Amino acid sequence: MAFLDGTSYIPDSSHWKKAVEAMNCSFSEEVYRMVSEFSNLSSLSLSGAKLSIAQIASIARHPNLLIHLDADEAQARVDESFKWMTEKSQTGASTHGVTTGFGSTSNRRTTKTSDLQAELIRFLNAGVIGKDYLPVSYAKSMMLVRTNMLMQGYSGIRWDLLDAMVKLMNNNLIPKLPLRGTVSGDLVHLSYIVGVLIGRDNSKVLTPEGQEISAIEALKRVGIDDPFELQAKEGLALVNGTSVCSSVAAIVCYDATTLVLLSVILSALFCEAMQGKPEFTDPLTHELKHHPGQIESASIMKFLLDGSDIMNEVKFRQARDPSAKSKPDRYALRTSPQWIGPQIETIRQATHSVEREINSVNDNPIIDVSHDMSIRGGNFQGTPIDVSMDNVRIALAAIGKLVFAQFSELVCDYYNNGLPSNLSFGRDLSLDYGLKGAEVAMASYCSELQFLANPVSTHVQSAEQHNQDVNSLGLISARQSAEAIEILQLMVCTYMVGLCQAIDLRHLEENLHEIVKNVVAQTIENVFNTSNDGHLSKLLMQIVEKQNVFSYIDDPSNPKNALISQLREILFEKALEKSDEVSIESISKFQEELKEKLESELNKARERFDNGDFTIGRRIEKCRTFPVYRFVRDEVGTEVLTGEKKVSPGEEIEKVFEAIKKGKVDSVLLDCLIRKN
């Protein structure tokens, strides 16, 4: 720190520079490193200050990963801190939570330091576990984060206690913790971890098989014959900090990071499915706005769409018909980079804040051996967590709203540029309502997600006889954010199924359209004795080109359908003009021959298509968004939804949901990022 003119304070900016340097790369590069670390982690060496978001998420979700303590790096400082604390307690010096009481009753004094630590754990075991307890993955991750913090050597705790926690984690013997009941320093939840270490009767442990065993039995299974007797400050060191809320927040941040990038990729796929206009990704537009999240979102979308065979075909068709109206795409597509960009920035900022917290010393008091003192402070205050989690939930709600808006356009035949209503794929649309039920479910998901966006940090209550008159609600906010993650995952998997259904419909549309063009051209030639280059042929074929296949394909022989009625209208105009090519009799002959051929040829074509025999191949296979389609169709194993197959949308959506929950969608991100980078 420094002072200006002896009075004005000028802070040292190194901590700000460090925070900025942590984001000295693109978001996609950061996601690539994060997902790669999560996927490739084989074991974890803890040293005290190098724990990452990806490592926490990986340990939480991969039970076979082993953890070991880096004794060379950390044991000396841990032992030195414990030795200092032991010596001070033996002198009778007044030390908070060691020879004094706690919080509002810290005026009390005792020389029974070990008994005081045991009493701390007893009175903090105030939660109700019941049938709704904290998920095991969260409990394990909080043990990991707490162990990492204590290894920094500012807490006055024995190395053996840290080693015991690692043994429990490596054997997946995880304490059963209450779901609720803590503010600020996560005291209540962490006390149940300590209860296992000291062998309390009420402390229960869950085995990998889901069996509930006693604390004593769990310790014996990892080679610890007798429970620990806590020494001076050890109980306080183990329970006073932010390890519970920050570990849950770390997992939330990992999921939020992958979901926000996935929303960018899905927006590009949405453009392909809707046959939109990719000019919304033009770099100049976004550079003029200056926001890095927006610029990168647009850059990723532009890359994906530049390599798209679907977009190339759309551009080619539009070039052949310059008279077609050029309507701008709706906001859900056209402004998607502007919408997603701030969410990327919010989630990225929160992720770095949480990563700083999981590597922080959040104990109290802090043991400063080098200055021969203990320092009372407030690092147990988890405000960075509840503020970060509140912000993340707002971002998740915004992503969910965009997903819902895009999905709603996709299933509506008024907006989706020629696809059937509800994305129905069946031959008889009167008995196939496609994704109508899924759209209703999406509205419910979106409403709940937006409700969860309400902040938690504004609901603080004074606690512990007004000693904790301001306290963070980090765990509550993190739990609400975890719930928001699950709801957004439900929305995303529903949307992915819808997008793939739309892509398959575009493929069907292109194949059937080719058949219609051939049949109409052949019928024109047969009936009117005119070449394909003739004026009449060109007029009629323009109608075929412009008319959406799905507007007539369910009843192609009906003279009132959109295609035949428009063709008949042109022919009658020509007949009234007394054209040599067209007569009333020839119109009738044309209509009858066309009806017969269309129905026959389209039925054959549909049969071939359903059997995998395509006149035109899948363009999606030549698109950079193909990893999404391949994931949904091939890896997960979903099929096109039709009324004839009787498979419900929910059955297929659930397959994708389970795959996302297992982290399998990460491969989609890696594939797309590898292609870009």
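Nothing here was measured: the structure is a model prediction, and the numbers come from that model.

Let us look at the overall build of the protein. Check the secondary structure of the protein and you find 25 helices and nine strands. Here the protein holds 677 residues, and 54% of them are scored as buried. In the form shown here, the protein has an accessible surface area of approximately 29,900 Å², with 50% of it arising from carbon and sulfur atoms. Between the mean site of the 70 positive side-chain charges and the mean site of the 89 negative ones, the protein shows a separation of 1 Å.

Glancing now at the packing of helix 11 (residues 243–274) against helix 13 (residues 292–306). Axis separation between helix 11 and helix 13 bottoms out at 9 Å; the angle between their running directions is 45 degrees. If you check the angle between helix 11 and helix 13, you find them oblique. Of the two possible hands of crossing, helix 11 and helix 13 adopt the one that is right-handed. On helix 13, the residues that touch Leu261, Val264, Ile265, Ser267, Ala268, Cys271 and Glu272 of helix 11 are Ser297, Ile300, Met301, Leu304 and Leu305. Looking at the contact of helix 11 with helix 13 residue by residue, the classes come out as nine nonpolar, two polar and one charged.

A few words now on helix 7 (residues 159–170). Between its first and last C-alpha, helix 7 extends 17 Å over 12 residues, near the 16 Å set by a 1.5 Å rise per residue. Among the residues making up helix 7, those that are buried are Trp159, Leu161, Leu162, Ala164, Met165, Val166, Leu168 and Met169. One or two positions beyond helix 7, positive phi appears at Asn172, with a value near 50 degrees.

Further remarks concern helix 6 (residues 136–150). For helix 6, spanning 15 residues, the distance from its first C-alpha to its last is 21 Å, which sits close to the expected 21 Å at 1.5 Å a residue. Among the 15 residues that make up helix 6, 13 are buried, leaving the element largely enclosed by the rest of the structure.

All told, the structure shown has eight aromatic pairs when counted by the stated rule. Taking 6.4 Å as the distance between ring centres and 75 degrees as the angle between the ring planes, the aromatic pair formed by Phe407 and Tyr495 counts as edge-to-face. Of this pair, Phe407 sits in helix 17 (residues 383–411) while Tyr495 sits in helix 19 (residues 474–528); the two residues are 88 residues apart in sequence, bridging distant segments of the chain. Here Phe407 matches Tyr495 in class, with each residue buried.

Under the counting rule described, the total for this entry stands at 32 salt bridges. Between Asp309 and Arg619 there is a salt bridge whose closest N-O contact spans 3.0 Å. Here Asp309, found in helix 14 (residues 309–320), pairs with Arg619, found in the loop between helix 22 (584–610) and helix 23 (626–635); they are 310 residues apart in sequence, far enough to count as distant. The salt bridge involving Lys655 is made with Glu652; its shortest N-O contact spans 2.9 Å. One end of the pair, Lys655, and the other, Glu652, are both in helix 24 (residues 649–661), three residues apart, so they sit about a helical turn from each other. Lys655 gets classed as partly exposed once you look at its relative accessible area, which sits at 37%. Three or more residues joined by partner-sharing salt bridges are found here, namely Asp309, Glu313, Arg317, Glu510 and Arg619.

You can see Asp132 is positioned in the loop between helix 5 (113–124) and helix 6. Taking the C-alpha atoms as reference, Asp132 lies 9.3 Å from Leu177; in sequence the two are 45 residues apart.

Side chains Ile67 and Leu69 project from strand 4 (residues 66–69) onto a buried face, and the interleaved Leu66 and His68 project onto a face without burial. Sheet topology note: the strand 3 (residues 43–46)/strand 4 ladder contains four bridges and is parallel. By the bridge assignment, Ser43 is partnered in strand 4 with Leu66. After leaving strand 3, the chain enters helix 3 (residues 53–61) and then returns to the sheet as strand 4, a path that is right-handed.

Inspection of the secondary structure puts Asn362 in the loop between helix 16 (336–358) and strand 8 (366–368). A distance of 2.8 Å separates a polar atom in the side chain of Asn362 from a polar atom in the side chain of Arg146. Once residues lying within four places of it in the same chain are set aside, the contact partners of Asn362 are Arg146, Met149, Asn240, Gly241, Thr242, Ser243, Glu357, Asn379 and Phe380.

On to the sheet that holds strand 5 (residues 174–175). Reading across from one edge, 5-6-7 is the order of the three strands in this open sheet, with antiparallel pairing throughout. At either margin of the open sheet sits one strand with a lone partner, and together these are strand 5 and strand 7 (212–214). Relative to strand 6 (residues 204–206), strand 5 runs antiparallel, the two sharing two bridges. The residue of strand 6 that forms the bridge with Ile174 is Leu206.

Time to look at a negative patch on the surface. The grouping of Asp428, Asp554, Asp555, Glu599 and Glu644 at the surface amounts to a negative patch. Look at Asp428 and you get partly exposed, because its relative accessible area is 37%.

For the rest of this paragraph, the subject is the packing of helix 21 (residues 562–576) against helix 22. At their nearest, the axes of helix 21 and helix 22 sit 10 Å apart, and the two run at 160 degrees to each other. In terms of orientation, helix 21 and helix 22 fall into the roughly antiparallel class. Relative to helix 22, helix 21 is oriented so that their crossing is right-handed. Within the contact between the two elements, helix 21 uses Leu563, Ile564, Leu567, Arg568, Leu571, Phe572 and Ala575 and helix 22 uses Ile584, Ile587, Phe590, Gln591, Leu594, Lys595 and Leu598. Residue composition of the contact of helix 21 with helix 22, by class: 11 nonpolar, one polar and two charged.

It is worth spelling out the environment of Phe123 at this point. With respect to the helices, strands and loops of the structure, Phe123 is situated in helix 5. Put simply, Phe123 and Ser191 are 68 residues apart on the chain and 9.0 Å apart in space, counted from C-alpha to C-alpha.

Time to look at unusual backbone geometry. The linkage connecting Asn364 with the following residue, Pro365, adopts the cis geometry, with an omega of -5 degrees. Secondary-structure assignment places Pro365 in the loop between helix 16 and strand 8. The phi torsion at Leu423 lies on the positive side, around 55 degrees, for a residue other than glycine. Tracing the sequence through the fold places Leu423 in the loop between helix 17 and helix 18 (436–452). Note on Leu423: relative accessible area 0%, which makes it buried. You will see that Lys646, though not glycine, has its phi angle at about 70 degrees, which is positive.

Another aspect to go through is the confidence of the model for the protein. Of all residues in the protein, 95% attain a pLDDT of 70 or more, and the chain-wide mean is 91. The secondary structure element of the protein with the lowest average pLDDT is strand 1 (residues 2–4), at 55, and the one with the highest is helix 7, at 98.

Scanning the model with the defined rule gives zero disulfides in all. Its sulfur unpaired, Cys500 is 12 Å from the next cysteine sulfur, which belongs to Cys493. Residue Cys500 is classed as buried on the basis of its relative accessible area, which comes to 0%. Distance from the sulfur of Cys672, which forms no disulfide, to the nearest cysteine sulfur (Cys623) is 11 Å.

About the thresholds
Residues numbered from 1 in each chain as written. Predicted model: local features only at pLDDT ≥ 70, side-chain atom pairs only at ≥ 80, totals over all residues. Heavy atoms only, no water. Helix = DSSP H or I, 4+ residues; strand = E, 2+ residues; numbered from the N terminus. Buried < 20%, exposed > 50% of the residue type's maximum accessible area, 1.4 Å probe, protein only. Areas by Shrake-Rupley, 256 points an atom, 1.4 Å probe, with all protein chains shown as cover. Lys, Arg positive; Asp, Glu negative; His and termini not counted. Charge placed at Lys NZ, Arg CZ, Asp CG, Glu CD. Axes fitted to C-alpha atoms, helices over the stretch in contact; angles between N-to-C directions. Parallel < 35°, antiparallel > 145°, perpendicular 65-115°, else oblique. Left-handed = near helix turned anticlockwise from the far one by under 90°. Contact = heavy atoms within 4.5 Å. Nonpolar A, V, L, I, M, F, W, Y, C, P; charged D, E, K, R; others polar. Expected span 1.5 Å × (residues − 1). Phe/Tyr/Trp six-rings, centres within 6.5 Å; stacked < 30°, edge-to-face > 60°. Salt bridge = Lys/Arg side-chain N within 4 Å of Asp/Glu carboxyl O. Pairing = 2+ DSSP bridges. Right-handed = clockwise from strand over helix to strand, strands pointing away. Polar contact = N/O pair within 3.5 Å; in protein donor to acceptor, adjacent residues only side chain to side chain. Patch = residues over 30% accessible without salt bridge, like charges linked within 9 Å, V, L, I, M, F, W, Y side chains within 5 Å. pLDDT = per-residue confidence, 0-100. Disulfide = S-S within 2.5 Å.

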